Amino acid sequence: MEVSEKEKHPTAMKEEGNTLFKAGDMQGAACCYTKALKLSDSRAETAVLYRNRSACYLKLEEFNKAEADASKALDTDPGDVKARFRRAQAFHKLARLDQAFMDAQKCAQLEPKNKAFQDLLRQLGAQIQQKSVQLNSTDARVQQMFSLLLDASAGDSDRQKAAQNLVVLSREDAGAEQIFRNDGVKLIQKLLQSKQEDIVLSALRTLVGLCTGHQSRTMAIVNELGMEQLCAVMGSGVSAVSLAACHLLQVMFEALTEGMNKEIRGKDEAILPEPSKELRSMLRHLLEMMSASSVSGQGRDSAINLLVKQVPRKSLKNPDNSVTLWVIDQGLKKILDVAGTVPELSEGIPLTDNSHMSCSVLLNKLYDDLKSDKERENFNKLCEEYVQQHFSRPGLESKLRAIQTVSVLLQGPSEVGNRTMEMSGMMDAVISLCASEDVTHQQVAVEALIHAAGKAKRASFITANGVALLKDLYKKSENDRIRVRALVGLCKLGSAGGTDFSMKQFAEGSTLKLAKQCRKWLCNEALPATSRRWSVEGLAYLTFDADVKEDLVEDKNALLGMFELAKSEDKTVLFAVGSTLVNCTNSYDAEKPDPQMVELAKYAKQHVPEEHPKDASSYVEKRLVKLLEAGVVSALVCMVKNESPALTEACRECISRVFLAVVERQEDRGTVVAQGGGKALIPLASDNTDVGKIKAAQALAKITITSNPEIAFPGERIYEMVRPLVSLLSLECTLLQNFEALMALTNLAGISERLRQKIIKEKAVPKIEGYMFEEHELVRASATECMCNLVLSTEVQKLYLATGSDRLKLLVLYSGEEDERLRKAAAGTLAMLTAEQPELCARIPGTTTHWLEIVQALLLSEISDLRHRGVVIVHNMMQAEKSLAETLIESEALEILSVLAKGGEGMSEPVSKIAQNCLDKAIEYNIIMSRDGKGKSKEPEP
């Protein structure tokens, strides 16, 4: 009842917020002030609450919110000097120097003797002056570049150099502003029309500099240049230009969407309209690129890639999927036009080898972003109508377009693909076209048949009706394009039993023969890359069989061929390579059945899955060694670097699984790091499926435990490690994952204060404290070790200083536990805390009646590390208060300290020295007498 009454009173909530603020709990304090604001009806009290919450946001580095709250406090009381100073600090951190200077100047006028106000004013004045000088020098450099670029008589090399210098200037805030203000966009527009590739690339990169993180400039540039011109540049047949334009549009999308998501906008941006008009215009032009014949294949792939990244919601927690619905309404038919294009048939729109796969990914993303059955049914209906429209038209070309569309849908939203494949006459047409004498017809039909064999029901149908046909094509076709696809169809059907050794579709040895042919084609460099890619698809299915895995890893040429494809321009091979490697490393999830349930199943004559003998851990370990020797890490790193839609979340998950497998052995982790594996794992831990994120984070944890993190993750990369590791401190993760994350965070926390602050900012401390109560002794000890390193930070020390918690009591009790590792960690934490915060020493006797026994047990321990920690704790307590020294000296501690101070065999010098310091302190307090008679014995005071 008392708590509810307290929560109803704003003053009580404000006082609680003040207490939490003093204890260093900024998040909790801000929460209390927010509750108080909802309850308060006093303008004066509201102003104070806003001012206090602004201070919390400053500490939490949420500077936009800090500025907003300080401004609200000043709206009520313009003379509130504290609120004005906090707003000045927020403006300073937001790089709004002029506004910060005005507020700081006002503060200094109100309180001229306030040193903090004067210091900030001087700092701001120096920064503004420096910025002014920089702007003037930058302006001259910009004008010089413009003159060279506009001078028709200037040489090509001079103009190229000027264009490159413009790119460098655009990456500086001052340079970007000067280029923009001096009509630089009009000049860049002229450069985009240049026939020199280097000039066009420099123009695009300059625009990237102007747009990065700046909403207002981006809106102006989109309106001035026009999306037609930007899309035309992206649709260029020059690969480098197309990719650079794609990157520019990506930066523009990010600048516009981030601007919309900001809760508080800057002064300049506040007067601008929402950029939704520009965003819709950009999306409309990208959709128009889908079916435009003037757009190159690379440009079309770039447009699809942008749609994949920008259209679906970033989080399903966001209820608004209106952009996806708009794209489906306006552009689904255009996307299906790309999906249904068969380049070999006629003079259709240009495609690359990646276009169909990219289309599948986009369609799948759109379908997954739908919220209701009604929305999904509409998507299904539109796709069925499109396929039916082409399938019912006279002429073979239309039917092939319909089948090709179905094939793309089966690789993307498979539910939609299955429904279209079940349309009347579709499967019959596919089967009959497989027997066509035209290679293109056969190719389209066989690919559709392969993709249709995804579900067990349909696989059984095709096994009964299509296997003979596929075998016939494989044996008799004179075209390797058809043979390799027929082979993949057979591989897929032959692997229908998965890893279950007892469920095989084909006769003994058939899968090994199929795999041998796949490896043969994979090593044949005379074959086109697309045909070799299909052989990897075959292995992705066949490597469910452990015999096939063993043969593959023994064939180094086949492995090298597969890794070469993984690094190639053909991105459609990524998932096949990832799946093959997951199978070879056994890094898929395989739960072992309960032995009792197995016996019951056998008794009931039900099927029981059987593991292949060569899937045992000893075989898997040998396969991992072979893969590492063949260069699997460099292949995985190259796969992660790809920006293609083909690098789907499912593909990323496969790569994460393989990385986790290859770092399992401690001796292999150095090799993985040396070949770039550590760097590649960081993005995998943030952009992945939920399972993939955990696998990547666990791999990072394993590396961090056994390697020097500063070498494995140099520079700023080490700070990017913290969030993935903290994500493993979750009940959804296994105890092993919790344990490894705690071990890794312990290593990081021991490196620097900046890393400790990063761990604190990621809200890891409450989670680590939770694991200090874990039943499993290793997890409990590792959490305490992590806390031992974190207490070097003042913010964590303040948590132990806060009254009303049992944090200190837990450390004292753990210092007396039997578990040696836990005792070391707890006693170490206690030793550091009592050294840094002497006032904690006086609280130790109040934690438990057994505290003296625990301290004495540490002093008497046979383990030197525990003795050392114990004597440091005693020394800190004696230094803190005379009464504590008297209590300790009156106990058996005096005798123990005397023995320790003498040193001798098995006694470390630091322990003896600190023990002697304790005795010296007792003499100084006149508690005991020295040998020369100084000091005196004294009865303890009442």
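Rules and cut-offs
- Residues numbered from 1 in each chain as written.
- Predicted model: local features only at pLDDT ≥ 70, side-chain atom pairs only at ≥ 80, totals over all residues.
- Heavy atoms only, no water.
- Axes fitted to C-alpha atoms, helices over the stretch in contact; angles between N-to-C directions.
- Helix = DSSP H or I, 4+ residues; strand = E, 2+ residues; numbered from the N terminus.
- Parallel < 35°, antiparallel > 145°, perpendicular 65-115°, else oblique.
- Contact = heavy atoms within 4.5 Å.
- Nonpolar A, V, L, I, M, F, W, Y, C, P; charged D, E, K, R; others polar.
- Left-handed = near helix turned anticlockwise from the far one by under 90°.
- Polar contact = N/O pair within 3.5 Å; in protein donor to acceptor, adjacent residues only side chain to side chain.
- pLDDT = per-residue confidence, 0-100.
- Salt bridge = Lys/Arg side-chain N within 4 Å of Asp/Glu carboxyl O.
- Buried < 20%, exposed > 50% of the residue type's maximum accessible area, 1.4 Å probe, protein only.
- Expected span 1.5 Å × (residues − 1).
- Arc of directions from axis to C-beta.
- Phe/Tyr/Trp six-rings, centres within 6.5 Å; stacked < 30°, edge-to-face > 60°.
- Lys NZ or Arg CZ within 6 Å of the ring centre and 35° of its normal.

The subject of this paragraph is the packing of helix α33 (residues 574-585) against helix α35 (residues 617-630). At a minimum axis distance of 8 Å, the contact between α33 and α35 shows a crossing angle of 135 degrees. Relative to α35, the element α33 lies oblique. Two secondary-structure elements touch here, α33 through L581, C584 and T585 and α35 through V620, R623, L624 and L627. Looking at the contact of α33 with α35 residue by residue, the class counts come to five nonpolar, one polar and one charged.

So, on to the packing of helix α52 (residues 864-880) against helix α55 (residues 909-924). For the pair α52 and α55, the least separation of the axes is 9 Å and the interaxial angle reads 20 degrees. Between α52 and α55, the crossing angle belongs to the class labelled roughly parallel. Seen from above, α52 lies across α55 with left-handed handedness. Taking contact as the criterion, the partners of R867, H868, V871, V872, V874, H875, M878 and Q879 in α52 are, on α55, P910, V911, I914, A915, N917, C918, K921 and A922. Classifying every residue of the contact of α52 with α55 by side-chain character gives 10 nonpolar, four polar and two charged.

Once that is clear, we can look at the environment of R780. Its place among the elements puts R780 in helix α47 (residues 777-790). R780 has contacts with Y771, M772, E774, E775, Y814 and L822, leaving out every residue within four places of it along the chain. Among the polar contacts listed, one links the side chain of R780 to the backbone oxygen of E775, at a separation of 3.0 Å.

This next bit is on the confidence of the model for the chain. Overall, the prediction assigns the chain a mean pLDDT of 84, with 88% of residues at 70 or greater. Here residues 935-942 is modelled with pLDDT under 50, and outside its nearest four sequence neighbours on either side it reaches 18 contacts, counting other chains as well.

A word on the pattern of salt bridges. Taken as a whole and assessed by the stated rule, the structure comprises 39 salt bridges. Across the pair K65 and E62 runs a salt bridge, and its minimum N-O distance is 3.1 Å. The partly exposed category is assigned to E62, whose relative accessible area is 26%. Residues D103 and R84 are paired through a salt bridge, measuring 3.0 Å at the closest nitrogen-oxygen approach. One end of the pair, D103, is in helix α7 (residues 97-110); the other, R84, is in helix α6 (residues 81-93), with 19 residues separating them in the sequence. Bridged by salt links that share partners, the residues K549, E550, D615 and R623 form one connected network.

Over its 19 residues, helix α21 (residues 373-391) runs 26 Å from end to end, which matches the ideal 27 Å to within 8%, given 1.5 Å per residue. Looking only at α21, the buried set comprises E375, F379, N380, C383, Y386, V387, H390 and F391. Burial along α21 is one-sided: seen end-on, the buried residues are contained in an arc of 140 degrees. Along α21, exposed side chains directed more than 90 degrees from the buried face belong to D373 and K374. Residues of α21 that are buried in the fold lie against α19 (322-339), α20 (355-368), α22 (396-411), α23 (414-421) and α24 (426-434).

This structure, assessed with the given rule, holds two aromatic pairs. A centroid spacing of 4.9 Å and a plane angle of 50 degrees characterise the contact between F85 and F117, whose relative ring orientation is tilted. With a gap of 32 residues between them, F85 in helix α6 and F117 in helix α8 (residues 115-150) connect regions that are remote in the sequence. The class of F117 is buried, set by a relative accessible area of 6%. The cationic tip of K399 hangs over the ring face of F391; the distance from NZ or CZ to the ring centre is 5.6 Å. Above the plane of the ring of Y619 lies K622, whose end atom (NZ or CZ) is 6.0 Å from the centre.

A few words now on the environment of G226. In this fold, G226 is placed in the loop between α13 (215-225) and α14 (227-234). Given the relative accessible area of 14%, G226 is considered buried. When the C-alpha positions of G226 and Q189 are compared, they lie 10.0 Å apart, and in sequence the two are 37 residues distant.

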